[in-house]
Amino acid sequence: MLNYPRFGFRPRRAYEEFLDLASHELFHVWNVKRIRPTRFAPYDYTQENVTDLLWVMEGITDYYAPLVCRRAGLVSAERYLEMLGESLTQLARTPGRAVHSLEEASRDAWIRLYRADEDTPNTSVSYYLKGHVVAAMLDLEIRARSGDRATLDTVMRGLAADARCGGTIPEGGFGDVVRRHAGVDVEDLLDAYVRSTVEIDAAGHLALAGLHAAARPREGTDDRGGRPPTTPAAGEPAHAARPHLGASFREEGGRVTVAFVANGGPAERHGLYAGDEIVAACGYRVSDVRGLDARLAEVGVGERVTLVVFRRDRLEHVDVVLGRRPADTWWIEAAREPSAERAARYAAWLAAPHPGR
Ligand SMILES: [Zn+2]
């Protein structure tokens, strides 16, 4: 059974979310129901089952969900890359990726992900999200390192065959699985991206499939990434020159409260806290997020804004010096003249010809 909003099938974007959900859960018929960590054999339904491998169970499943939709012709290769760019963006906006490894995120699910609070994005990373991104990078590297004789599909088919004979994945054993089924060593990538918090070189890995990936500053509250930068309207400042606060807000019953304060951003440095209710900015009443955004947009990078907030019912003045927008918004596009090898890899991966050849 899948729980999904009754009116969530239109517009197209919403329908794609449904496809993604259905695809994800179908993939679980193999990955996690049959292919599973040794720790899950047998499942013990009476207590928490702790494993380092949730990123394989959920992250790889999350990677295949949109890829399967692409290969089935339900989304275009271009749209697929836009969605992958959105995932890179979401990860780049999660400060916790620098302090919490994918392996730890898997192991801590019962005390972190299932018990999330307003600070979770600062202290933790989702093994769904980062697992999805890492799976994509592993797939491209397995292709390149095997001379395109093997892919992550080869590994998953091998695991499904193992499972038919009762095989399971031991803790920390994914590198062995890749070596056995794909004949390549990816231990260096697992050390960097799974066992520690090294920043993912997405541009480097995506270049292997004739792609150009880059990051730019966010252009607005609704900017989820996946698309190249737009040129600001005449007379408007460049996006990189627009101010950055490093906090997000929620609106409830005419009140605007701080939902999240990013570690290392201006809001955190100047003492704004999640839960603060913003009543005024720059001397004017704030009654919705749009109004607050409009006040902040009038302040320049390096300038000070005074926020009047209720913090646990006590009135406080918080002065924040606004910073520069970080390049946390990724997009991916076809490189202009890729080598024949890279173009062929793109075509085999995304079931579509490389647009640059
Ligand atoms: Zn799942």
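Predicted, not measured: the structure shown is a model, and the values here were computed from it. (Residues numbered from 1 in each chain as written. Predicted model: local features only at pLDDT ≥ 70, side-chain atom pairs only at ≥ 80, totals over all residues. Heavy atoms only, no water.)

Undergrad: Would you explain the overall build of the protein in this entry?
TA: What the protein contains, in helices and strands, is 13 helices and ten strands. The C-alpha extent of the protein, read off along each of the three principal axes, is 70 × 55 × 40 Å. For the protein, buried positions account for 48% of its 357 residues. The contacts in the protein between residues at least 6 apart in sequence include a share of 64% that link residues at least 24 apart. Total accessible area computed for the protein in this model is approximately 18100 Å², and 51% of it derives from carbon and sulfur atoms. The positive charge centre, built from 46 side chains, and the negative charge centre, built from 51, are 3 Å apart in the protein. (Helix = DSSP H or I, 4+ residues; strand = E, 2+ residues; numbered from the N terminus. Buried < 20%, exposed > 50% of the residue type's maximum accessible area, 1.4 Å probe, protein only. Contact = heavy atoms within 4.5 Å. Areas by Shrake-Rupley, 256 points an atom, 1.4 Å probe, with all protein chains shown as cover. Lys, Arg positive; Asp, Glu negative; His and termini not counted. Charge placed at Lys NZ, Arg CZ, Asp CG, Glu CD.)

Undergrad: Looking at this structure, I do not really get helix H1 (residues 12-27). What am I missing?
TA: Helical geometry: 3.6 residues make up each α-helical turn, so side chains three or four residues apart lie on a common side. Its 16 residues place the ends of H1 22 Å apart at the C-alpha level, agreeing with the 22 Å of an ideal helix rising 1.5 Å per residue. Taken as a whole, H1 has its buried residues at Ala 14, Glu 16, Leu 19, Ser 23, His 24 and Phe 27. Turning to H1, the residues buried within the fold contact helix H2 (54-71), helix H3 (77-92) and helix H7 (152-164). (Expected span 1.5 Å × (residues − 1).)

Undergrad: Sorry if this is basic, but what is going on with the pattern of salt bridges here?
TA: Two side chains carrying opposite charge are able to pair once their charged atoms lie near each other. Applying the stated rule across the entire model yields 33 salt bridges. In this structure, Glu 82 and Arg 79 form a salt bridge, with 3.0 Å as the shortest nitrogen-oxygen distance. Here the residue Glu 82 and the residue Arg 79 both occupy positions in helix H3, the gap between them amounting to three residues, near one helical turn. Of the charged contacts, one joins Arg 107 and Glu 103 as a salt bridge, the two residues approaching to 3.6 Å between their closest N and O atoms. Note that Arg 107 and Glu 103 are positioned in helix H4 (residues 102-107) at a spacing of four residues, about one turn of the helix. Members of the salt-bridge network, linked through shared partners, are Asp 52, Glu 103, Arg 107, Asp 176, Arg 179, Asp 185, Glu 187, Asp 191 and Arg 195. (Salt bridge = Lys/Arg side-chain N within 4 Å of Asp/Glu carboxyl O.)

Undergrad: Explain the coordination of the zinc ion here, please?
TA: When a metal holds four donors in a tetrahedron, each ideal angle between them is 109.5 degrees; when it holds six in an octahedron, the ideal angles are 90 or 180 degrees. Taken together, His 24 (NE2), His 28 (NE2) and Glu 58 (OE) make up the protein donors of the zinc ion, found 1.9 to 2.1 Å from the metal. All donor residues of the zinc ion come from one chain, and their arrangement in sequence is H-x3-H-x29-E. Placement of the pair is His 24 in helix H1 and Glu 58 in helix H2, with a sequence separation of 34 residues. Owing to a relative accessible area of 7%, His 24 belongs among the buried residues under this scheme. (Donors = N, O, S within 2.8 Å, 3.2 Å for Na, K, Ca; no water.)

Undergrad: Would you explain the environment of Ile 60 in this entry?
TA: Here Ile 60 lies in helix H2. With 75 residues separating them in the primary sequence, Ile 60 and Ala 135 have C-alpha atoms 5.6 Å apart. When sequence neighbours within four positions are dropped, the list of residues in contact with Ile 60 reads Asn 31, Trp 55, Gly 131, Ala 135, Leu 152, Met 156 and Phe 174.

Undergrad: Is there a simple way to think about the domain arrangement of the protein in this case?
TA: For an interface, size is often stated in terms of accessible area lost upon the parts coming together. Assigned domains within the protein: domain 1 (12-217 + 331-350) and domain 2 (243-324). With both chains or domains summed, domain 1 and domain 2 bury close to 410 Å², and 60% of this area falls on carbon and sulfur atoms. Together, Pro 95, Glu 118 and Asn 122 form the three largest contributors to the area buried by domain 1 at its contact with domain 2, with a combined 84%. Our count for the contact surface shared by domain 1 and domain 2 stands at zero salt bridges. Taken together, the links from domain 1 to domain 2 amount to two residue pairs in polar contact (both at pLDDT 80 or more). Residues that form the side of domain 1 that touches domain 2 fall into these classes: two nonpolar, one polar and one charged. (Domains from an automatic or database assignment. Buried area = accessible area lost by both parts, 1.4 Å probe. Polar contact = N/O pair within 3.5 Å; in protein donor to acceptor, adjacent residues only side chain to side chain. Nonpolar A, V, L, I, M, F, W, Y, C, P; charged D, E, K, R; others polar.)

Undergrad: Teacher, can you tell me more about the side chain of Asp 276 here?
TA: Within the element layout of this structure, Asp 276 appears in the loop between helix H11 (266-269) and strand E5 (277-281). A residue is classified by how much of its surface remains accessible, and Asp 276, at 2% relative accessible area, is buried. Polar contacts involving the side chain of Asp 276 include one to the side chain of Arg 311, which spans 2.8 Å. The residues touching Asp 276, leaving out its near neighbours within four places in the chain, are Val 256, Thr 257, Val 258, Val 309, Phe 310 and Arg 311.

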